[in-house]
Amino acid sequence: MQFGYGLNYLIDIENAVIVDVEATPARTYDEVAATKTMIDRTERCFDLKPKRLAADTAYGTGKFLGWLVKEKRITPHIPVWEKSDRGDGIFSRADFIWDKRHGHYICPNGKPLRTSGTVHDGRTLLYRASKRDCDVCPLRSRCCTRDAARKIPRDLHEDARDVARRKMKTKAFARSRDERKRVEMRFAHFKTHHGFERLRLRGLSGARDEFHLAAIVQNLKTMALRLVWPPPDPAVA
Ligand code: SF4
């Protein structure tokens, strides 16, 4: 974030080159939407599409991951935004197994949780256990603390979130995370290294112009550095 506006870069992290820039109001919702805009624009203008996208947890929502995985076929190297983890000894969603074949969850007592198919808040299905099962369950004190029967929410894009969860356990994910942090550090010094202490132009369109100029300067600097210190040859690294 810079000066009350969100500065969003799409960066080729292998080469530390800024591929696209988008200024937004400084809200997570707008910043995530800006990433979609930049990915689509880069594909349209340069015929460039990343194979993987590394980003932080703010981008690990079902909606964004669903778009990335199912629509764009881009591998997410993004930590999943988890809201269901619990630290109070009560079973969390991770303790319930998703039975893909039957399309329902299996609880720690081996009973199914099914959905009526009603979508809540435009993005969530609720899977409910049977009250009959929960009433006589020996694990009830660790599961249903308030409700008559346990229910588990499932994002409409949970399968895309599962793809991202699986990627989080890979070495490729760890490498992307390290690369992203290294590159982000380089771009985090706007104010200190570039004297970019305040915006001269007004409004969102002014911020957009200034952010583009800053990105051009940063890319020129990267290219100049590359002339002096070419990147190591991966074949001999
Ligand atoms: S309380 Fe219900 S949902 Fe929870 S483990 Fe027992 S049967 Fe399964």
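Our structure is the block above this text.
Residues numbered from 1 in each chain as written. Predicted model: local features only at pLDDT ≥ 70, side-chain atom pairs only at ≥ 80, totals over all residues. Heavy atoms only, no water.

### Here we look at the pairing of strand β1 (residues 5-12)
Two strands pair when backbone bridges link them, and β1 and strand β2 (residues 17-25) are joined in this way by 8 bridges, in the antiparallel orientation. Opposite I11, over in β2, you have I18 as the bridge partner. (Pairing = 2+ DSSP bridges. Helix = DSSP H or I, 4+ residues; strand = E, 2+ residues; numbered from the N terminus.)

### Re the packing of helix α2 (residues 62-71) against helix α4 (residues 158-168)
Two elements in contact, α2 and α4, have axes separated by 8 Å at closest approach and are oriented at 80°. Taken together, the axes of α2 and α4 lie roughly perpendicular to each other. The segment α2 lies against α4, with G62, L65, G66, V69 and K70 engaging D159, A160, R161, V163 and A164. (Axes fitted to C-alpha atoms, helices over the stretch in contact; angles between N-to-C directions. Parallel < 35°, antiparallel > 145°, perpendicular 65-115°, else oblique. Contact = heavy atoms within 4.5 Å.)

### Digging into the site of the ligand
Residues in contact with the ligand, as listed here, are C107, N109, K111, A129, D133, C134, C137, R140, C143, C144 and R150. Tallied by class, residues from the shell around the ligand come to 6 nonpolar, 1 polar and 4 charged. (Near = heavy atom within 4 Å. Nonpolar A, V, L, I, M, F, W, Y, C, P; charged D, E, K, R; others polar.)

### Brief notes about the nonpolar core
Within the largest apolar cluster, 17 residues are counted, with the highest numbers of intra-cluster contacts made by I39, L53, Y59, F64, L65, L68 and I78. Secondary-structure elements contributing two or more residues to this core are α1 (28-46), α2 and α4. The leading source of residues in this core is α2, at 5 residues. In this structure, L113, Y127, C144 and A149 belong to the second largest nonpolar core, which totals 13 residues. (Core = buried A, V, L, I, M, F, W, Y, C linked by side-chain atoms within 4.5 Å. Buried < 20%, exposed > 50% of the residue type's maximum accessible area, 1.4 Å probe, protein only.)

### Points about the packing of aromatic side chains
Taken as a whole, this structure holds 5 aromatic pairs when the rule is applied. Ring geometry for W98 against Y127: centres 5.5 Å apart, planes inclined by 90°, an arrangement best described as edge-to-face. Taken together, the positions of W98 in strand β5 (residues 97-99) and Y127 in strand β8 (residues 124-128) put the pair 29 residues apart, joining distant regions of the chain. Aromatic rings pair up to connect Y59, F64 and W67 into one cluster. Lying across the ring of W98, R154 places its NZ or CZ 3.6 Å from the centre. (Phe/Tyr/Trp six-rings, centres within 6.5 Å; stacked < 30°, edge-to-face > 60°. Lys NZ or Arg CZ within 6 Å of the ring centre and 35° of its normal.)

### Focus: α2
Residues spaced three or four apart along an α-helix face the same direction, because each turn holds 3.6 residues. Extensive coverage of α2 is indicated by the burial of 7 of its 10 residues. Residues of α2 that are buried: G62, F64, L65, G66, W67, L68 and V69. Contacts from the buried residues of α2 go to α1, β3 (52-54), β4 (75-77), β9 (151-155) and α4. Just beyond α2, the residue with positive phi is R73, at close to 55°.

### Observations regarding the pattern of salt bridges
Inspection of the entire model under this criterion finds 18 salt bridges. The residue E22 makes a salt bridge to R41 at a minimum N-O spacing of 2.7 Å. On the criterion of sequence distance, the pair formed by E22 in strand β2 and R41 in helix α1 is long-range, its members being 19 residues apart. A residue is classified by how much of its surface remains accessible, and E22, at 15% relative accessible area, is buried. Three or more residues joined by partner-sharing salt bridges are found here, namely E82, R93, E158, R161, D162 and R165. (Salt bridge = Lys/Arg side-chain N within 4 Å of Asp/Glu carboxyl O.)

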